[in-house]
Amino acid sequence: MRLNILAFAAGVLCLQMQAQLPDWRGGALAGLGLALAGRYLPSWLGRGLLAAGCLALGLAWAGWRADVRLADELPLAGEGEDVAVVGVVASLPQDFSHGTRFEFDVNLPSTAAVGVPRRIMLSWYQGRRDDEQFVRQPVRPGERWQFTVRLKRPHGNANPGGFDYEAWLLERGIRATGYIRPAPARRLDAMVWQPAYVVDRLRHAVRDAFAGQLPAAEYPWAGVLVALAVGDQKAINGELWATFNRTGTTHLMSISGMHVTMVAALFGWLVSLVWRRVPWLMRRLPAQKAGLLAGCAAAFGYAWLAGFGVPAQRTLAMLLVAAAAMLSGRLVAPSRILALALLVVLVVDPWAVLAAGFWLSFAAVGALLYVGAARGDETSGWAERLRGWGVVQWAATLASLPILLLVFQQFSLVSPLANALAIPVISFVVTPLALLGAVVPWWPILALAHVVLDWLMVFLAWCAAWPVWQAPAPPLWVVGVAGLGVAIGLLPRGVPGRWLAAVLILPALAWPVDQPAEGEARVTVLDVGQGLAAVVRTREHTLIYDPGPLYSAESDAGQRVVVPYLRYLGISRVDRLMVTHRDSDHSGGMASVLAALAVDEVSSSLDQAGGTPCLAGQQWSWDGVLFEVLHPAAENYAAGGKANHLSCVLRVSTGGRRLLLTSDIEAADEAALLARHPGDLAADVLLVPHHGSKTSSTPPFLQAVGAAEVIVPAGYRNRFGHPRPEVVARYAATGARLWRTDRDGAVRIDMSPASLSLSAWRTEHRRYWYGR
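Small disclaimer: the values here were computed from a predicted structure and weren't measured.

(A) Molecular detail of the overall build of the protein. Each helix and strand in the protein was counted, giving 27 helices and 26 strands. At 29 Å, the protein has a C-alpha radius of gyration in line with the 28 Å of a compact globule built from 772 residues. Taking all contacts inside the protein whose residues are at least 6 apart in sequence as the whole, residues at least 24 apart take part in 70%. For the protein, the accessible area works out to roughly 34,500 Å², and carbon and sulfur atoms hold 62% of it. In the protein, the 66 positive side-chain charges and the 57 negative ones have mean positions that sit 11 Å from each other.

(B) Quick look at the packing of helix α1 (residues 2-16) against helix α12 (residues 334-348). Where α1 meets α12, the closest approach of the two axes is 9 Å, and the angle between their N-to-C directions is 30°. As far as their axial angle goes, α12 and α1 are roughly parallel. Relative to α12, α1 is oriented so that their crossing is left-handed. Between α1 and α12, the contacting residues are R2, I5, L6, F8, A9 and V12 on the first element and S335, R336, A339, L340, L342, L343, L346 and V347 on the second.

(C) How the structure looks around the nonpolar core. Counting residues in each nonpolar core, the largest one holds 53 residues, and the members touching the most others are L346, F358, L526, I544, L566 and Y768. When neighbours within four sequence positions are excluded, Y768 is seen to be in contact with L15, Q16, Q18, A19, Q20, L21, A66, L70, L170 and W351. Grouped together as the second largest cluster of nonpolar side chains are 38 residues, A418, I445, L446 and F459 included.

(D) Examining the environment of S603 more closely. Mapped onto the elements, S603 comes out in strand β16 (residues 602-604). With relative accessibility at 0%, the residue S603 sits in the buried group. Measuring from C-alpha to C-alpha, the distance between S603 and F362 comes to 46 Å, with 241 residues separating the pair along the chain. Other than its neighbours up to four places away in sequence, S603 contacts R576, L577, M578, V579, T612, P613 and C614.

(E) Main features of helix α19 (residues 557-569). For α19, with 13 residues, the first-to-last C-alpha span of 17 Å sits near the 18 Å given by 1.5 Å per residue. Along α19, the residues that are buried comprise A557, G558, V561, V562, V563, P564, Y565, L566 and L569. With its phi angle positive at about 90°, G570 sits one or two positions after the end of α19.

(F) A look at the state of the cysteines. What the rule picks out here adds up to 1 disulfide. There is a disulfide in this structure between C614 and C648, and the S-S distance comes to 1.8 Å. Here the S-S torsion is close to -55°, and the disulfide linking C614 with C648 is therefore left-handed. Placement of the pair is C614 in the loop between β17 (612-613) and β18 (619-622) and C648 in the loop between α22 (634-639) and β20 (649-654), with a sequence separation of 34 residues.

(G) A look at the pairing of strand β23 (residues 709-712). Because side chains alternate across β23, one face comprises the buried residues E709 and I711, and the other comprises V710 and V712, equally buried. As defined by bridge partners, strand β22 (residues 685-687) adjoins β23 across 3 bridges and the pair is classed as parallel. Directly across from L686, in β23, lies its bridge partner V710. For the handedness criterion, the β-α-β arrangement of β22, helix α24 (residues 699-705) and β23 is classed as right-handed. The pairing of β23 with strand β24 (residues 737-740) spans 4 bridges and is parallel. The residue bridging V712 from the neighbouring strand is R740, located in β24.

(H) Seen up close, the sheet that holds strand β11 (residues 533-537). The sheet built from 8 strands is open, its strands ordered β17-β16-β14-β12-β11-β10-β25-β26 with mixed pairing. Strands with a single pairing partner mark the edges of an open sheet, and in this sheet they are β17 and β26 (755-760). With 3 bridges connecting them, strand β14 (residues 576-579) and β16 associate as parallel partners. Paired with L577 across the two strands is V602, which belongs to β16. Its contacts with the sheet place α19 against β10 (521-525), β11 and β12 (542-547), and it is angled at close to 165° to β12.

(I) Main features of the pattern of salt bridges. Scanning the model with the defined rule gives 28 salt bridges in all. A salt bridge links D680 to R651; its shortest N-O distance comes to 3.4 Å. Highlighted residues: D680 in the loop between α23 (667-676) and β22 and R651 in strand β20, separated in sequence by 29 residues. One salt bridge in this structure joins D680 and R658, with 3.0 Å as the shortest N-O distance. In this pair, D680 sits in the loop between α23 and β22 while R658 sits in strand β21 (residues 657-661), placing the two residues 22 residues apart along the sequence.

(J) Highlighting the packing of helix α15 (residues 415-439) against helix α16 (residues 443-464). With their axes 9 Å apart at the nearest point, α15 and α16 run at an angle of 165° to one another. In this view, α15 runs roughly antiparallel relative to α16, as classed from their interaxial angle. Relative to α16, α15 is oriented so that their crossing is left-handed. Taken together, the residues of α16 that come into contact with α15 (itself represented by L417, A418, L421, A422, V425, I426, V429, V430, L433, A434, L436 and G437) are I445, L446, L448, A449, V452, L453, L456, F459, L460, W462 and C463. Looking at the contact of α15 with α16 residue by residue, the classes come out as 22 nonpolar, 1 polar and no charged.

Conventions adopted
- Residues numbered from 1 in each chain as written.
- Predicted model: local features only at pLDDT ≥ 70, side-chain atom pairs only at ≥ 80, totals over all residues.
- Heavy atoms only, no water.
- Helix = DSSP H or I, 4+ residues; strand = E, 2+ residues; numbered from the N terminus.
- Rg over C-alpha atoms; globule rule 2.2 N^0.38 Å.
- Contact = heavy atoms within 4.5 Å.
- Areas by Shrake-Rupley, 256 points an atom, 1.4 Å probe, with all protein chains shown as cover.
- Lys, Arg positive; Asp, Glu negative; His and termini not counted.
- Charge placed at Lys NZ, Arg CZ, Asp CG, Glu CD.
- Axes fitted to C-alpha atoms, helices over the stretch in contact; angles between N-to-C directions.
- Parallel < 35°, antiparallel > 145°, perpendicular 65-115°, else oblique.
- Left-handed = near helix turned anticlockwise from the far one by under 90°.
- Core = buried A, V, L, I, M, F, W, Y, C linked by side-chain atoms within 4.5 Å.
- Buried < 20%, exposed > 50% of the residue type's maximum accessible area, 1.4 Å probe, protein only.
- Expected span 1.5 Å × (residues − 1).
- Disulfide = S-S within 2.5 Å.
- Pairing = 2+ DSSP bridges.
- Right-handed = clockwise from strand over helix to strand, strands pointing away.
- Salt bridge = Lys/Arg side-chain N within 4 Å of Asp/Glu carboxyl O.
- Nonpolar A, V, L, I, M, F, W, Y, C, P; charged D, E, K, R; others polar.

Shown next as structure tokens:
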């Protein structure tokens, strides 16, 4: 059974790696045929055919689910159109600097005629400027509203090492995103009485109660208590996540399997205790079975309240399988229970394999079962119990190591120490108090939980100052080898060959940075939406050309795109950060980059950036690659005026190859460049000025540059209409090949004296949900 379930899981994973959806019907027929044949053939051949059939069935199941979900789509013609919808708020609303964001179930029957998907994500902007004062319109789960909305198909930034927002939307069944138009909105019903909406309303009420009793200004850890009580991880601010990441305690700051198990055990024990004292209840059902059923019910309720994350799903499935076995009197091996939990999770949510939490959750539990089976029952005496606790910490840490290096390119060296204290404190003190505070709205309960967290955060802050191991993302085969090393390393003492574990894990820990050769430049124009961020690398040096836009008061491209990309490459030090001008779509990510990376030098036309001003005539050479600043000149600084006119223009040259990075220069600046460098602006690759605005890309400039490859950094369906159709036509007339970050994702340029090649992330790493 376990082999067959693992084969089914492999089929599900294989489907999620596909560029196009295969025919799931053929896979289902093939899987059934192989599985039936495997039942009647000799043992070894039959087992192989049965496993192959389960693999095909896993692929077919995930393919069918994807086919059904993708069919619920917004037509291309419906993008950007105003549509009146009636529906129900279907998630916890999340406030941001300019308004509120929430999931919305569309249920007006007539919307099917215009192709509005059943579930959409809406943003209600109620303040357009950072300094604007506005009264936030309250929105609560379960309310039925009528809105006029403007929608677009699911779209996210596509970058190496970045978060796949489109896959996240697909998993949640959100098939369009958009915003509420200024037309008057109407609340039609205060509550729609359906189970899912009732649970979300309860979660919302708990969150509001916590906020009322523990104001964020006075209680900085209140968001952690909200996350532990109702699973709202967005209640925790970004600075705290940085501490949890550095200490390896992130898994504790949400409702994990341990928390669900603890609630089930506590509730089951209490029910069993009371049950034994009521004779007529004992005559109808033994107290042990009553406690077991009560524990399962409590686990189900808590997991539902938490939003059914993968760790909660896995734990709930394991508890239900174990309870069913105990109620039936059968003895089921823990590994079988874990395998059945895996099957349940993937049947319910085939996209779970795309989340790091899925792998971390099952790897940790699998490692604990593996270690437990190898050690046997060795729990006599406090010393042995303490040693057993250390083995558990070691197993969980080692099992998560390959996954953390693959997904996050780092792991905390102090994680075992931090978790040794944080796990019991969070699981057995803070979480029960948070849950009690949710049921009994009495301030001292939550205040006590916050005091305990206060003490714990002092310890975690000290742990966060310790170094974090960072390495480039290793290839999948290296991760697989490291996983084998983990299995060997967790064998009991005395087993020969355990030293092989270090040999097998070492490549993942020390995978080398992929560096360009001497005289080569590797440039990546990142997909940051409506803005610009590019990274230029030579053999030993790294330059960031603009850190990208500011998305909101809570996030920016430096934090969400640039830093994760450099971490993916294994780069923690930047030789130069060039912030071309003050517009927030170019400079908004600067603070995050400076906070996360060691930056040797800052160059900018922006006074507030510090460092040295970029000035025409500056040049330097790195590893055989020449860098030249062509604009602005001293007279541009003296003239002042529009920030675009001070945009730093950088030329990168190696051998006879040239790349021209132009930021937001406009027609007047292009003319100044032509006058300053007559006959010397030719380039092979051009970063299109000002995102393809009609204020730039004049015919004389295009003719002088003569680039065969041009790249437009622009956001999907941006409000400026960039790149403008007339500008696109102008480049097409020159015969240049046009690349667009909104269509192609991150664009990579490999440039050497002998060759030039460009590639797009969405093309090279295509998934079936892109553009759907």
